[in-house]
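# Structural overview for review
As a plain string of letters, each chain reads:
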Amino acid sequence: MEKPRYARCNESDVTRREVLRVGSLSLLGISLGQYLQVSKALADNGLAGGPVKAQACILLWLEGGPSHMDTWDPKPNSAFKPISTNVDGIQISELFPRVARHMDKLAVIRSVRTEEDNHPQGTCYTLTGHRPGAALKFPSLGSIICKETGPRNELPQYVLVPQPCEHAFTSAFQDAFSANFIGGEYNPMVLPDPSQDDFRVADLTLPKSMSFEQIANRRTCLSVVDRFYREKENLAEFGLMDASSRQALAMLTSPGVKNAFDLSQETEKTKDAYGRDRVGQSVLLARRLVEGGCRFVTASGYRGAEWDTHGNNDKILRETLAPTLDRTLSVLLEDLKQRGLLETTLVVVMGEFGRTPDVNAAGGRDHYAKCWSLLLGGGGIRGGQVIGASDERAANVADRTVSIGDLFATIYKAFGIDYTKTYMSPVGRPVYIANSIGDEQGQPIQELV
Amino acid sequence: MNRAPGARWIAFLFGLLLTANGSMRDGGAVAAGELISELQALRLVPEHPTLWGAKASQRFVVLGTFADGLERDVTAHAVLTLSDPTLATIDSGARVTVRADGACDLIAQVGGCKASTRVQFEGSSQTLPFSFARDIGQILTKRGCNTSDCHGSVKGQKGFKLSLNASYPQEDYKWIIEGGVYKVLTTEQSEPPKPRINKEQPEESLILQKPAGVVPHGGGKRLDVGSMDYRTILAWVQNGAPYGEDDGKAPIAIEGLKAFPPDVVLDPQGKHQLLVTALLSNGRNEDVTDQATYTSNNVEVAKVNGDGMVEAVSTGETAIVIRGVGRVASARVGVIAQPIPNYPASPGSRNFVDEHVFAKLRKFNIVPSGLSGDAEFLRRVCLDLTGTLPSPNRARAFLADPDPDKRDKLIEILLASPEYVDFWAYRFGDLFRVHFTARQDLRGTHQYKDWVRNRIALNKPYDQTARELIAVQGWGGTTQHYYRVTSLMTPQEIMAEQMRVFQGLRLECAQCHNHPFEAWSQDQFWGLAAFFGRMTPVNSYLILDLPSAVAGKTVNHPRTKAEVQPAFLDGTTVPESKLDDLRMTLARWMTSAENPYFARATVNRIWGYFFGRGIVEPVDDMRSTNPPTHPKLLDALARHFVERGFDIKDLIRTIVQSRAYQLSGEFNETNRKDLINCSRSLPRMLEAVVLMDAISVVTGVEEVFELDNFAGGGSTPPGTRAIDLIPDISPSNFMDVFGRPNRQALPEPVNDVTVGQALHMLAGSTYTEKISMEGGRVDRLVKSGANNREILEELFLAALCRLPTEYERTELDKILDKDPSRKENVEAVAWALISSREFAYNH
């Protein structure tokens, strides 16, 4: 296991670029020594200043709720056997041989406990830390991360690819992914299915017939027409419109933005490796987007709640779900590593809950929130670990309950966000951004971050 | 004293005397010796009070009317005397404290002006019997023990819970005497309770030691050992900590709080003392100014200290929330910029709406803008009544029409138009949530939609509509409201929604605990929820209230787990005979003319559509800590609405006929920053569907909307407009980007301008493709060979209901005449028009 490099120990760790930047500090009367001291102090506390910190996150959304004893927490009541991984002492289901070779990059949490076991409520709970309700629509994890860390560049920072919940992406689900009361600018950009031939991002492509001169012409007209009104009114909103307009134009004309969404620039080999289906291409696009500067991408290729195996659980897992996940996840981890992105890109693999330890009459497993598992890796997370444990049937948490608030706190800490923060809801109620069971504040998992 | 020429000098001398006596407050609103000379009249408040009891006291305020029209608090400059000083004393806070029974005059004098009032003293040797609720409760409130961020918070603090604002004294008594820890979802205790009093060693009671700082207290020091409040509590514990109802009589309770003045107007240096009167259940009044707590809703506008002295900070308007024992009151405060010496005479009121609006503007020294121009009015009223822009020809005709009554006539035409029905069916569709269900019942959805539309078209009385919805039984279209959609609708969720829609009350917070901002208790919430407890499950086709023998399920209190009986908000439970007709019983209560919420909630919401904000905002959040900007107007509108038989169209007509609605959007110096008093028209962004239809109309290209697969796929029939759509049946990227409510929950206002919208404007198909489409307006204009003037006029009239200005004509001519393509140039102008702020906003 690699030694984490996030604490500055001595001056020789300082890179040349740092020194150049720091050099200007002497004008302010701060010496290099003092700067390094402060820097180390900040880094040790995990708040702003640590050099190795998550910059982006890919959420591999296993919509429907994956069966945990058949995946990351193998137990006797699973039809599948456990296999060893490349980390001594950690075993996962035999359905994931390729992922097993990347265990050193991943942490498994086997004692997740949430409180909702219906899809809309569970999705909302797992992505925001709260049940859906008229009194409180809490912002989604991705929205909060984007708000607290700020944009990396002009790319849309929060993306869903493709639109989740294929059967009805109605408000009950939408809200789980949305910014809600922190403002529409933190809503995700929803992309269509990238595995389709006609994949194209609407609104990001100017009509082919438009030249830049035509755009300029139009904008001149606009300034003429707007002048009359501008003189009459001067709302704060207009300032926002100006800013949004400028940002939009920047997005449209920046080659970086277009490239980030352009899958044709990936090699055929890469596309094959990830998998030519919706799952594979979504994750590939997600990798591309974080590489291009997105902050939080949810790859929801399993839309249609494919992991919701109420019948024929074993068959579907073995034939359809596990092969795609095993392939895509392992390729993603390898790809991120090779591109030097793994240290700065957090990877979260989870669904809205787990599945019942008992198999039902249709050979399936039903929803289960009392005890389930998820994977975390990259972004400074110390891999090759298991956190918590379930009992002999994975029915109850045996050791170390991890709530969604704890998960969020861990993720926020990886990003250098203050996980103790509260937001004031519209009715004036302060709510933790890492909200644990009983409205307590979630705690980051010390072993991981 | 007469107004001798030396009055100014004498006044100044008095000012010095007052300073010397130390009875002058510092920094009074009026600088001594200056404005005093402009004092015209004086009065004392309260008038003719009766002080009862051994400890009775009353604070007084001396109000002076000045030449500039403003009434100011001049207590600090007044000399106060009693005609019979043996009966009472006066202190430096203008507080009269009783000594003996009798009556005398209190006289105030400022400069050359004098005022007096008769004060009665009774029962000076008697005290009210002790009442924990009143006497201890008021200490807990005044000392801040039971605020929402301390022990009054939902779970209490550090294991000690009090009710917010001493609203539930019996519970408070229990928590103090017995101890215990409040848990949200259960009444079980996980550890032995710790009483807050110690009867054997009263001084070691936690309820004394903690606030006195004798033991560590997270809330800091709240009481001084030996202070009046400390001694009161100590004496109470020493006496065995009674509740105060020993002789079986109900304790004399405080039934209400009144603040004076209810509307404070301050100049920029202004200060005003608030007076708070408690109305007791025995019919008496008591001055509780000293026992109340005061908070300003916006300290940037005005602040208030612990004694109730309000001080201006900067121009604006806010409210002071006053909490006394178990009650809340509020006073609105407006800080005006400068009193205006020559306030223009009112141009005349069209109806009572104007009277109230302009009276308040006068009081606050805000000058309303003039009447809107015809073009401004035309666009505004068409959009507000029908959500549809008029064609260029009709616009031109209206602008040119010399008839002085043309606005009224236009209003009638619009109210009678089919587009009025379309538009308001859309708005009520949002409110009543006409949407597709997870059970894919298209026919039912359309039945529901038709029912809503029908109510509007026939202008059915709104109370009838409401009752039909709340109490619906059977198979019909209206039952489709009770969907089992992806967010499962439990009885409490349904009730909370109906309360918001029809009563303007947000009770949801009280689902899990007593409401933090209002006196709604969790019990009241569940009492209401119980009305929906016997409905057939919402995913069945037949909706009705099952007879109790059959129902087999109950609504249970989440903490005590006991079954809850249906009860109205005022506490009355439902008689046995009505128990099989629960929802109709509730519906009748909710919509009756005597119900205090229904009419107000409805008129407030409708008002909000026309002015961008309700008289109470948010429109469904009426509570005492969120007072209306125009309380009398709200009451008048509600009364009018009830008298006219809950007629929605008549209400709308009354609003749009008013001058207040028809004001121009141009601001003047006095109303530039006013966003809440209707002193001018404020721009409001067009709703997504209205914007969509407007773009279609201007570009001359109809939009073709998708039909979801559930509805058969394909497209909507030709002629379908955006306001006809049911959101989940016809999804639309444009409308999602521009914030169309998806009706899965009640509509929330969408105010953010997002990058997504800007992107769509620049590159989205709606904006770019429709402009250039063949057969569209641009295409037609170019092909017809129209000249620049004709083109510009048609486009401007279509989009903005006005003709282009000289500047616009000149500049745009240059663009139109550019090489190479005239079509592209016209497209550029059309694009600019539909992307402009003026287009996207209703103003």
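The rules behind these values
- Residues numbered from 1 in each chain as written.
- Chains lettered and ligands numbered in written order.
- Predicted model: local features only at pLDDT ≥ 70, side-chain atom pairs only at ≥ 80, totals over all residues.
- Heavy atoms only, no water.
- Helix = DSSP H or I, 4+ residues; strand = E, 2+ residues; numbered from the N terminus.
- Buried < 20%, exposed > 50% of the residue type's maximum accessible area, 1.4 Å probe, protein only.
- Contact = heavy atoms within 4.5 Å.
- Areas by Shrake-Rupley, 256 points an atom, 1.4 Å probe, with all protein chains shown as cover.
- pLDDT = per-residue confidence, 0-100.
- Pairing = 2+ DSSP bridges.
- Salt bridge = Lys/Arg side-chain N within 4 Å of Asp/Glu carboxyl O.

## Thoughts on the overall build of chain A
For chain A, the helix and strand inventory stands at 13 helices and 16 strands. Across the 449 residues in chain A, those meeting the buried criterion constitute 57%. Counting only contacts in chain A whose residues sit at least 6 apart along the sequence, the fraction spanning at least 24 positions is 72%. Looking at chain A as shown, the accessible area adds up to about 18400 Å², and 50% of this sits on carbon and sulfur atoms.

## What about the confidence of the model for chain A?
Residues and elements named next belong to chain A. Within chain A, residue pLDDT values average 83, and 82% of them lie at 70 or more. For chain A, per-element mean pLDDT is lowest for helix α1 (residues 16-23), which scores 38, and highest for strand β8 (residues 345-350), which scores 97. Low pLDDT, under 50, characterises residues 1-50; the predicted model gives this stretch 38 contacts beyond four residues in sequence or across chains.

## Examining the environment of glutamine 109 of chain B
Residue and element names in this part refer to chain B. One can find glutamine 109 in strand β9 (residues 102-110). Judged by its relative accessible area of 22%, glutamine 109 falls in the partly exposed class. As a C-alpha pair, glutamine 109 and arginine 43 span 66 residues in sequence and 9.6 Å in three-dimensional space.

## Quick notes on the pairing of strand β10 (residues 113-122) of chain B
Residues and elements named next belong to chain B. On β10, burial follows the alternation: Cys113, Ala115, Thr117, Val119 and Phe121 on one face are buried, whereas Lys114, Ser116, Arg118, Gln120 and Glu122 on the facing-out side are not. Bridge analysis of β9 against β10 gives nine bridges, and the strand direction is antiparallel. Each bridged residue has a counterpart across the sheet, and for glutamine 109 the counterpart in β10 is lysine 114. A loop of two residues connects β9 with β10, the two strands running antiparallel in sequence, and glycine 111 in this loop sits at a positive phi of about 60°.

## Observations regarding the pattern of salt bridges
One pass over the full model with this rule turns up 67 salt bridges over all chains. For the salt bridge of arginine 332 of chain B with glutamate 317 of chain B, the shortest nitrogen-to-oxygen distance reads 3.0 Å. Taken together, the residues arginine 332 of chain B in strand β20 (residues 327-335) and glutamate 317 of chain B in strand β19 (residues 316-324) connect sequence positions 15 residues apart. Overall, the relative accessible area of 10% leaves arginine 332 of chain B in the buried class. For the salt bridge of arginine 721 of chain B with aspartate 422 of chain B, the shortest nitrogen-to-oxygen distance reads 3.4 Å. Placement of the pair is arginine 721 of chain B in the loop between α20 (688-699) and α21 (733-737) and aspartate 422 of chain B in helix α10 (residues 418-431), with a sequence separation of 299 residues. Counted as one network, the salt bridges with shared partners bring together Glu266, Arg287, Arg288, Glu291, Asp335 and Arg339 of chain A.

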